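# Structural characterization, general
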Amino acid sequence: MPTAETNTFAGPNWTRTQDDYHLISGAGERAHAAGLVNASWYKCPVPRPRMKQLMQREDAQAIRDTVLWYALIIAAGAVLVATWGTAWAWLAFFVYATIYTGPADSRWHEAGHGTAFKTRWMNDVLYQMACFQVLRRPSVWKWSHARHHTDTLVTGRDPEVAVTLPTDLLGMFLNLFSIKSGPRELWRVLRNAFGILGEEEKTFVPEMEWPQMVKEARVWVLLYAVLIASAIYFGSWLPLALFGLLPVMGGTWLYTFFGLTQHAGLPENVLDHRKNCRTVYMNPVFRFLYWNMNYHVEHHMFPMVPFHALPQLHETIKADCPPAYDGTLAAYREIIPAVLKQAQDPHYYVVRPVPVTAA
Amino acid sequence: MTNWTEVCALDDIDDEDVMRFDHNNHTYAVYRYNDKVYATDGLCTHEHVHLADGLVMEHVVECPKHNGRFDIRDGRALGAPVCINLKTYPAKVEGGQVLVQLGG
């Protein structure tokens, strides 16, 4: 079994390219050879009784936050409907799309882990709804995220590397508005609906789940057909502004803004989440929108701890972790120069100060 | 012929909890719930992760790595990202000791 000490991925003659990230014919075989696949990662010591406390599930906080979130969506949607046809509609659309899609990323994520609610069906319902709102195929992204947790930022293995190197700055900018990723994901939905599955996706989604992928895609195609039919029937773009691809394009910027703090600029191919994840202190509004995913070292190290317990987990292990960033801007003061530098030098990364007392 | 193996005292496992038991190069997970004991293979069927580090919620154990869930009573996988059931083993309490009929 590989351990946290195993890391011989990057030889002196390795020239990194974007092709390395492909899950087929990428750098995955190199990762296997280096012992980085399905390896043992460093874990901060937490006594079992404390961990059992932190892992406990509850419904109340997630119900409160979910009701509040959907109330905000409905309110913003009502404003959009009321202002439709006026110049204010652009601003109303931006606000609505941001609220509709931005927090859907963290809801997709937490419900996908099954840790948002104690009640299982509530996780499942929120997962399906948030997936549609953030435009992620439910089964594919469930398994994609499992792989992300197994092989976090392992080149050629992790399908969810946000900033692939050398940095594609134009692509990053376009994807602030889902200009590349949105239509691409919809195209994949359409292909799935016809029973055509991506070869890379087949590497991390088990074959027994493939029929479910097709079924979900067909439901989505039906939903999009209803949306388009509504727009034609009413002779208005409004239905398409409220649901589907357009609000995704308008609101992706928010979850990207949060999401880049997770790993951008940090090293790949290290078996220690303290080195490849950031924990960033965020204000209460951001933490509500992001469901505490700013505690990202903690989440990756102990993914069974629900969002509401991550601050307590942080207090439990922080002495064994690099210091948290004082705020989102503090994180971006590091991320932006690092990502710009990685556009020229893909071997550059930020080194986090792991405590010397730790392994 | 039965081959019941003594694992631990019942009091060594909290209610709604799990402990790891290694025997003959095999890892088992032994659970206590509602004054009954259960035993399954100790590693998640999805990837190499010890279930003894996970969370027991009534009769469900959750894998600590990807939150996959199994029913500890029959080993049934309860949904992605686990698909393959866990192997289970007969378990009982005798004289305050947990006994498990281990695999061959």
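Residues numbered from 1 in each chain as written. Chains lettered and ligands numbered in written order. Predicted model: local features only at pLDDT ≥ 70, side-chain atom pairs only at ≥ 80, totals over all residues. Heavy atoms only, no water.

### Topic: the overall build of chain A
The secondary structure content of chain A amounts to 16 helices and 0 strands. Against the compact-globule benchmark of 21 Å for 359 residues, chain A has a radius of gyration of 21 Å, which places it among compact chains. Burial analysis of chain A (359 residues in total) assigns 56% to the buried set. Look at the contacts in chain A between residues 6 or more apart in sequence, and 74% of them connect residues 24 or more apart. Of the accessible surface of chain A, which amounts to about 16,000 Å², a share of 66% is contributed by carbon and sulfur atoms. (Helix = DSSP H or I, 4+ residues; strand = E, 2+ residues; numbered from the N terminus. Rg over C-alpha atoms; globule rule 2.2 N^0.38 Å. Buried < 20%, exposed > 50% of the residue type's maximum accessible area, 1.4 Å probe, protein only. Contact = heavy atoms within 4.5 Å. Areas by Shrake-Rupley, 256 points an atom, 1.4 Å probe, with all protein chains shown as cover.)

### Section: the sheet that holds strand E8 (residues 88–89) of chain B
All names here are of chain B. Strand order in this open sheet of 4 strands is E2-E3-E4-E8, and the pairing throughout is antiparallel. With partners counted over all chains shown, the strands left at the sheet margins are strand E2 (17–23) and E8, one partner each. One ladder, built from 2 bridges, connects strand E4 (residues 36–41) with E8; its direction is antiparallel. Pairing of Ala39 across the sheet is with Tyr89, part of E8. (Pairing = 2+ DSSP bridges.)

### A short note on the state of the cysteines
Applying the stated criterion to the full structure yields 0 disulfides over all chains. With no disulfide of its own, A:Cys321 has A:Cys44 as its nearest cysteine by sulfur position, at a separation of 3.9 Å. (Disulfide = S-S within 2.5 Å.)

### Considering the packing of helix H4 (residues 88–113) of chain A against helix H6 (residues 138–150) of chain A
Residues and elements named next belong to chain A. Orientation of H4 relative to H6, taken along the N-to-C sense of each, is 80°, at an axis distance of 11 Å. The angle between the axes of H4 and H6 places the two elements in the roughly perpendicular class. Judged by residue contacts, Trp108, His109, Gly112 and His113 of H4 engage Trp141, Lys142, His145 and His149 from H6. Residue composition of the contact of H4 with H6, by class: 2 nonpolar, 5 polar and 1 charged. (Axes fitted to C-alpha atoms, helices over the stretch in contact; angles between N-to-C directions. Parallel < 35°, antiparallel > 145°, perpendicular 65-115°, else oblique. Nonpolar A, V, L, I, M, F, W, Y, C, P; charged D, E, K, R; others polar.)

### Some words on the interface of chain B and chain A
Taken together, the contacts link 25 residues of chain B with 22 residues of chain A. Taken over both partners, the interface formed by chain B and chain A buries close to 2,000 Å², and the fraction arising from carbon and sulfur atoms is 50%. Here chain B and chain A share 4 salt bridges between them. Of the charged contacts, one joins A:Lys52 and B:Asp14 as a salt bridge, the two residues approaching to 3.6 Å between their closest N and O atoms. Between chain B and chain A we count 14 residue pairs in polar contact (both at pLDDT 80 or more) in total. Among the residues making up the side of chain B that touches chain A, the classes are represented as 10 nonpolar, 6 polar and 9 charged. (Buried area = accessible area lost by both parts, 1.4 Å probe. Salt bridge = Lys/Arg side-chain N within 4 Å of Asp/Glu carboxyl O. Polar contact = N/O pair within 3.5 Å; in protein donor to acceptor, adjacent residues only side chain to side chain.)

### Things to note about the sheet that holds strand E9 (residues 91–94) of chain B
Residue and element names in this part refer to chain B. Strands sit in the order E1-E10-E9 across an open sheet of 3 strands; the sheet is antiparallel. The open sheet has two free edges, formed respectively by strand E1 (4–9) and E9, since each of these has just one partner strand. Neighbour-to-neighbour, the strand axes of this sheet turn through a mean angle of 30°, independent of strand direction. Bridge analysis of E9 against strand E10 (residues 97–101) gives 4 bridges, and the strand direction is antiparallel. Looking at the pairing, Ala91 lines up with Val100 of E10.

### Let's talk about the pattern of salt bridges
All names here are of chain A. Counted under the stated rule, the structure contains 23 salt bridges over all chains. For Arg157, the salt bridge identified is with Asp151, shortest N-O distance 3.0 Å. Considered together, Arg157 and Asp151 belong to a single accessibility category, that of buried residues. Note that Asp320 and Arg274 form a salt bridge whose closest N and O atoms lie 3.4 Å from each other. Of this pair, Asp320 sits in the loop between helix H15 (310–317) and helix H16 (328–344) while Arg274 sits in helix H12 (residues 273–276), and the two are 46 residues apart along the sequence. Assigned by exposure class, Asp320 and Arg274 land together as buried.

### Looking at the nonpolar core
A:Met51, A:Leu80, A:Phe302, A:Val305, A:Leu313 and A:Ile317 are the most contacted members of the largest nonpolar core, which totals 79 residues. Looking at this core element by element, the count peaks at 8 residues for H4(A). Excluding anything up to four places from it in sequence, A:Met51 contacts A:Val46, A:Phe302, A:Met304, A:Val305 and A:Leu313. Ranked by size, the runner-up nonpolar core spans 17 residues in total, among them B:Tyr31, B:Ala52, B:Val61 and B:Cys63. (Core = buried A, V, L, I, M, F, W, Y, C linked by side-chain atoms within 4.5 Å.)

### Things to note about the pairing of E4(B)
Residue and element names in this part refer to chain B. Burial analysis of E4 places 5 of its 6 residues in the buried class, the great majority of the element. Pairing of strand E3 (residues 26–33) with E4, which is carried by 6 bridges, proceeds in the antiparallel orientation. Directly across from Tyr28, in E4, lies its bridge partner Asp41. The antiparallel pairing of E3 with E4 creates a hairpin that spans 2 residues between the two strands, and Asn34 there sits at a positive phi of about 55°.

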